[in-house]
Amino acid sequence: MKNKIVPILLLTLLFQAELSAGGISVDAGLTPPQDRFMFRTQYRYMSMHNGLMTMNTHMVPMVLAYGITSGFTLMARGMYVHRADENNSMVNRGVNDLFVLSKFRLLRKNTASYSFGIAPYLASNLPVGSTEISNRTWNPEIGFNISFRPRFFAIDMSTSYVITDISGKLVNNPGNVYMINTAFSALIPFKSNSEFAISPVLEGSYLNQQAGGGNPSNEILFASPGVSFIYSNLALEGLVQLPVYQDKNLGSPDQNARLILGIKYMF
């Protein structure tokens, strides 16, 4: 009987890790099981500065993902944005464009000791946001996720390419964006309570925005330590994004450290 309990416990912990461990900063990694919902909301703070201004931005995204089938996930995200310049009284605030994403299972393998999956996705904003925040342009996105989870650990990678202003509406198009994000995390269950666990995480995020419309290219790399506190289907998340490299093109602002605090719940 004891020999049967051990693999069952490992499978239970792997299932919990699939739902609650992994990256914090990337929404594309949300994958609820079939006929289940996953809700995530966060508070995000970022700031940047140059010789003329210091811009502080507060964001509250709300994400809802639904597992339509075991291999197809649909996700929607709305976001409230408050942006202020410390050097003057300029404040822009409002709801940004709605963002929708569909993710498809390409490969999935589950064993008693690990799980592995590859999932491409297609996404786009819907240009309906406040004109104080949104340029009202179409910016489609294509990407894929790779997830490898050996027992109490998780290794996730997400890469994407965003085509900004695909219809050519803007005179000063800022250029397309390539992003790659990685997350390394562990799941540490409490012996006294199998439903409670802590998941420390270390993320790496790289963003490259091409030059366009008179705007210089931008390149930045973040190293991000964080942690999730997990109880059953609820997770409390915290992450600090530290810029370890950024380009110094003339006119490109310097990015400061960023903060993410959030809640994730599956039902």
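Once that is clear, we can look at the overall build of the chain. In terms of helices and strands, the chain carries one helix and 16 strands. Put simply, the chain has 267 residues, and 40% of those count as buried. Looking at the chain alone, contacts between residues at least 24 apart form 56% of all its contacts between residues at least 6 apart. Accessible area for the chain stands at about 13,800 Å²; split by element, carbon and sulfur atoms hold 65% of it.

Residues with a pLDDT of 70 or more make up 90% of the chain, whose mean pLDDT is 87. With pLDDT under 50 throughout, residues 1–21 is counted as low confidence; its partners more than four residues away or in other chains account for 40 contacts.

A few words now on the nonpolar core. Counting 11 residues, the largest nonpolar core is built from Ala-28, Leu-30, Met-38, Val-63, Ala-65, Met-75, Phe-99, Leu-101, Tyr-121, Ala-123 and Met-266. Of all the secondary-structure elements, those providing two or more residues to this core are strand E2 (54–69), strand E5 (98–104) and strand E7 (114–126). Those residues in contact with Met-75 that lie beyond four places of it in its chain are Asp-27, Leu-30, Val-63, Leu-64, Ala-65, Phe-99, Val-100 and Leu-101.

Another point: the pattern of salt bridges. Summed over the entire model, instances satisfying the criterion amount to five salt bridges. The salt bridge involving Arg-77 is made with Asp-27; its shortest N-O contact spans 3.3 Å. Taken together, the positions of Arg-77 in strand E3 (residues 72–85) and Asp-27 in the loop between helix H1 (2–20) and strand E1 (37–49) put the pair 50 residues apart, joining distant regions of the chain. On the basis of relative accessible area, Asp-27 is assigned to the buried category, the value being 9%. What emerges from the salt-bridge pattern is a single network uniting Asp-27, Arg-40, Arg-77, Glu-237 and Lys-264.

Moving on: unusual backbone geometry. Of note, the phi angle at Asp-35 is positive, near 65 degrees, even though the residue is not glycine. Mapped onto the fold, Asp-35 is located in the loop between H1 and E1.

Quick look at the pairing of E5 now. Across six bridges, the pairing between E3 and E5 is antiparallel. When the sheet's bridge partners are listed, Arg-77 is paired in E5 with Phe-99.

A separate point is a nonpolar patch on the surface. Together, Phe-37, Leu-64, Phe-229, Leu-234, Leu-236, Ile-263, Tyr-265 and Phe-267 line one region of the surface with nonpolar side chains, adding up to about 670 Å² of accessible area. Elements that contribute at least two residues to the nonpolar patch include exactly strand E14 (234–246) and strand E16 (258–266). Following the sequence through the fold, Leu-236 ends up in strand E14.

Our next topic: the pairing of E2. Strand direction decides the pairing type here: E1 and E2, joined by 11 bridges, are antiparallel. Looking across to E2, one finds that Thr-41 is bridged to Met-62. Hairpin connection, E1 to E2: the antiparallel pair is bridged by four residues. Bridging between E2 and E3 involves 14 bridges; their strand directions are antiparallel. Looking at the pairing, Gly-67 lines up with Thr-73 of E3. In this antiparallel pair of consecutive strands, E2 and E3, the connection spans two residues.

Calculation criteria
- Residues numbered from 1 in each chain as written.
- Predicted model: local features only at pLDDT ≥ 70, side-chain atom pairs only at ≥ 80, totals over all residues.
- Heavy atoms only, no water.
- Helix = DSSP H or I, 4+ residues; strand = E, 2+ residues; numbered from the N terminus.
- Buried < 20%, exposed > 50% of the residue type's maximum accessible area, 1.4 Å probe, protein only.
- Contact = heavy atoms within 4.5 Å.
- Areas by Shrake-Rupley, 256 points an atom, 1.4 Å probe, with all protein chains shown as cover.
- pLDDT = per-residue confidence, 0-100.
- Core = buried A, V, L, I, M, F, W, Y, C linked by side-chain atoms within 4.5 Å.
- Salt bridge = Lys/Arg side-chain N within 4 Å of Asp/Glu carboxyl O.
- Pairing = 2+ DSSP bridges.
- Patch = residues over 30% accessible without salt bridge, like charges linked within 9 Å, V, L, I, M, F, W, Y side chains within 5 Å.

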